[in-house]
Amino acid sequence: MAAKIIYFTVNGRPEQAEFPIDCPAQDVKDLFRAAAEAGPHDILKLYNTKGNIINISPQLAPNSPHSCYKLEVVAADCNSELIGSDLAVALGFDLSSMEKRLQSLEKRILTEAAETPAIVYEMKRQVESFREKLESVEHLSWLGLFKDISEGTHKPSPFYHKRTLRKTREECEHVRQKFLQMSSLEVSEEVRQYLKTPTFDNWQWEDAEIMVLLQVMYTDLDFISTFNIELDVLQQFLYEVYRRYNNIPFHNFKHCFCVTQMMYGLIWLTDLRSKIDSIDLLIMLTSAVCHDLDHTGYNNAYQINARTELALRYNDISPLENHHCAVAFEILEKSESNIFRNLPTEQYKRIREGIIKFILATDMTRHTEILNKFKAILPVFDFSSKDHRDMLMMIMIKVSDISNEARPMDVAEPWLDCLLQEFFNQSDMEKLEGLPVTPFMDRDKVTKPSSQTGFIRYVLFPLFIELANLFPCLEQHIIDPVRKALDYYTEMEKQNRAQSDKVVKPSTSKEPEAHPEPGGTTKPVNL
C-alpha cells in the first residue's frame, strides 16, 4: 500500500511521520500528537515553510528534510496544572489552591465541631459559582471544552432591538479580531463530530465561534488542500460573509450558519462524498453560506409590491435571491476574499454557475416546480447524470434552508419566534404603506401553532420525504423530528382553541362591558 512520509520539526527537533495515503484523519493526528509527546486534549498547530497554518490530515503534501513543516503544542489540557497556573497569574490567586484550603478547613471543622456549619456550604457554593463563570468566558468557550453540547440551555434573545440594520464597523472589527485569535487553534474532536449532526445547537455559539466552525467545515471536507484555498483567504471570505448579513430577527448570520451546518450534516449522513465530485460539495456548502446575504427582512412579495430598487433591478424575478448571488460574487471578486482564486477558469465558471443555480432555487415560489421535477427523476435517479445531481443539490439546499423543525424543539422553537417577529414586522409595514398584506405574516390572523401546522404538512413533509426516499438513512434524522414537531404544534393549537372556548360570553340581556381606551373613550369588548 502506498505511503506518505512527512518531515517536520517539534521544538527544533527533526521528526518524520510515515502513514498510508488512505489513513484515517484521526490516526494521522494521533501520530503527530505522539511525536510532540502531547496529551489527548493538547492543541497542535502545524506550519508550512511559508509560516501558514495547515491542517493535520491525510492530505498533507509530502515534503523533504529540507522543507520541513513545523509542529507546535500551543495549549495544554484544560485540567492540567499549566492552565491552573496561568489562571492564577491572570487572576492574582490560584483557584485550585483555594479549593484545597477550603477542603482542609472543612475537615478540621468536622473534627472539632462534629458537623459542617452552613457558612462552609455557602463558601463552597460561591467557589463553584466562580469556577463556572471562569469556564464560560469567551476566550475559553470556543474550544468546546466548556460547552454543554448535550442540552441547549443558553437561549439569547432572538431579536435585535435597538440595533442598526447594517453591522457597525466597530461591531465587525471586534468579531473579526476574536475570530482571528481563535481560528488557528484546533477545535475538539467532540465538537467536530457534533457539528455533523442535525441536533447541533446554534444558540450556544457566538458569531466569532461560528466563523471558526465554518472554517472547520471547509477544512474537514478537504476543500483547503483539494482546491488550494489559502487559509487567510478563507478567513477573509468568512469575515466578509459575516459582515454582509444584517441585524434582523431571522435571516441573519446565525441562520446562514444553521443552513450551512445542516447541509454539512446531510453531506456526512448520506456519505455524499463517495457519490459526487468534491467541486459539487464545495458549490453546495458555499451556496449555503451565501444564500441570504444582505437580506433586509422583507420577502419578494413585499419587494415587488413596494417596487423596491431590487424588484426594479431584477424585473420582479426572484429579486432577493438574485441580490444574494450578486453580493456573494462581489465578495468573491476581491482577491483577498476569493476562495476560488487559484482554480482554473473552467472550474470557476462551473462553481459560479452552480452557486447561482442553487441560491435561486431557495425562492419558495419555485418550490412546487423543483419538487415535482425531483419526484419525476427519483425512480431512475442516476448520480452520473449532471441534471440529476443538480436537481438533488437544489433539493438539498431547499431542505437545509427550511430545516429548523428537524432540530430538537429547544433549538427549533426560538427560530420560529424569530421568524414570526420578522413576518409581523413586514405585515405591519405593509399596512402602514397601504400594500397588500401577506396573510401568513399578519399578526392579527396568525398564531404560533397555526403558522407551523400547515407549513409542516404541506411544505416540509412532502420535501423531506422525497429526499429520504433517495436516502432512507435520513428517516430518523429529519422525518421523525418533524413528525414530533407537528404533534407539538397540533397539541398547542388544540390548547389554544380550548382556552378560547372557555371564554364566557356575556348574556344577551346585558349590555357588553365597556373598557376605557387611551384618551378616555370606551368601546364594547369583542368576545
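Not measured: the values here are computed from a predicted model. (Residues numbered from 1 in each chain as written. Predicted model: local features only at pLDDT ≥ 70, side-chain atom pairs only at ≥ 80, totals over all residues. Heavy atoms only, no water.)

Novice: Sorry if this is basic, but what is going on with the overall build of the protein chain here?
Specialist: Within the protein chain one finds 21 helices and 7 strands. Per-residue burial for the protein chain yields a buried fraction of 49% across its 527 residues. Considering only contacts in the protein chain between residues 6 or more positions apart, those separated by 24 or more positions represent 71%. Taken as a whole, the protein chain presents about 26,700 Å² of accessible surface, with 53% of it coming from carbon and sulfur. (Helix = DSSP H or I, 4+ residues; strand = E, 2+ residues; numbered from the N terminus. Buried < 20%, exposed > 50% of the residue type's maximum accessible area, 1.4 Å probe, protein only. Contact = heavy atoms within 4.5 Å. Areas by Shrake-Rupley, 256 points an atom, 1.4 Å probe, with all protein chains shown as cover.)

Novice: Could you clarify how one ought to interpret the pairing of strand β2 (residues 13-20) in this entry?
Specialist: The two faces of a sheet get side chains in turn, since along a regular strand they alternate between them. Here strand β1 (residues 3-10) pairs with β2 via 8 bridges, running antiparallel. Bridge pairing in β2 links Val10 to Arg13. Counting the residues that bridge the hairpin from β1 to β2 gives 2 residues, and of these Asn11 lies at a positive phi of roughly 55 degrees. (Pairing = 2+ DSSP bridges.)

Novice: Got a minute to help me understand the packing of helix α11 (residues 253-269) against helix α12 (residues 278-290) in this structure?
Specialist: Two quantities define a packed helix pair, namely the angle between the axes and the distance from one axis to the other. The N-to-C vectors of α11 and α12 enclose an angle of 160 degrees; their axes lie 7 Å apart at closest approach. Put simply, α11 runs roughly antiparallel to α12. For α11 against α12, the interelement crossing comes out right-handed. Side by side, α11 and α12 meet where Cys256, Val259, Thr260, Met263, Tyr264 and Ile267 of the first sit next to Leu281, Met284, Leu285, Ala288 and Val289 of the second. For the contact of α11 with α12, a count of residues per class yields 10 nonpolar, 1 polar and no charged. (Axes fitted to C-alpha atoms, helices over the stretch in contact; angles between N-to-C directions. Parallel < 35°, antiparallel > 145°, perpendicular 65-115°, else oblique. Left-handed = near helix turned anticlockwise from the far one by under 90°. Nonpolar A, V, L, I, M, F, W, Y, C, P; charged D, E, K, R; others polar.)

Novice: Just to check I follow, could you spell out the UniProt feature "active site" (unreviewed entry) in the protein chain for this structure?
Specialist: As recorded in UniProt, the feature "active site" (unreviewed entry) lies at His251. Relative to the elements of secondary structure, His251 occurs in the loop between α10 (231-243) and α11. The exposure class assigned to His251 is buried, which follows from its relative accessible area of 14%. Excluding anything up to four places from it in sequence, His251 contacts Tyr245, Asp292, His295 and Glu422. (UniProt positions renumbered as here; feature names shortened; annotations may be inferred.)

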